[in-house]
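Next come the chains, spelled out residue by residue.
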Amino acid sequence: MRIGCPECEARVDASVPPGPGIHEERATNRLQGRETACRNCGHELELYYY
């Protein structure tokens, strides 16, 4: 997945593992996160996903 760095607007490539997504029937959906840094300016980014 590609996202833009909020500091320098460079594109940051980040991988997010496949997950179950959001399902109303399941009470075990948990928000997960992953950290990465921009290779251009070093700004730390946090990605959250289900």
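Report on the accompanying structure. (Residues numbered from 1 in each chain as written. Predicted model: local features only at pLDDT ≥ 70, side-chain atom pairs only at ≥ 80, totals over all residues. Heavy atoms only, no water.)

### What to know about the pairing of strand β3 (residues 32-37)
For β3 and strand β4 (residues 44-49), the ladder comprises six bridges, and the chain directions are antiparallel. Bridging from a neighbouring strand, Q32 pairs with Y49 of β4. Taking the residues between adjacent antiparallel strands as the criterion, β3 and β4 are bridged by six residues, where G42 takes a positive phi near 85°. (Pairing = 2+ DSSP bridges. Helix = DSSP H or I, 4+ residues; strand = E, 2+ residues; numbered from the N terminus.)

### Examining unusual backbone geometry
The backbone phi angle of E9 is positive, close to 65°, even though this residue is not glycine. On the secondary structure map, E9 appears in the loop between β1 (2-4) and β2 (11-13).

Purely geometric stuff here, so don't read any function into it on its own.
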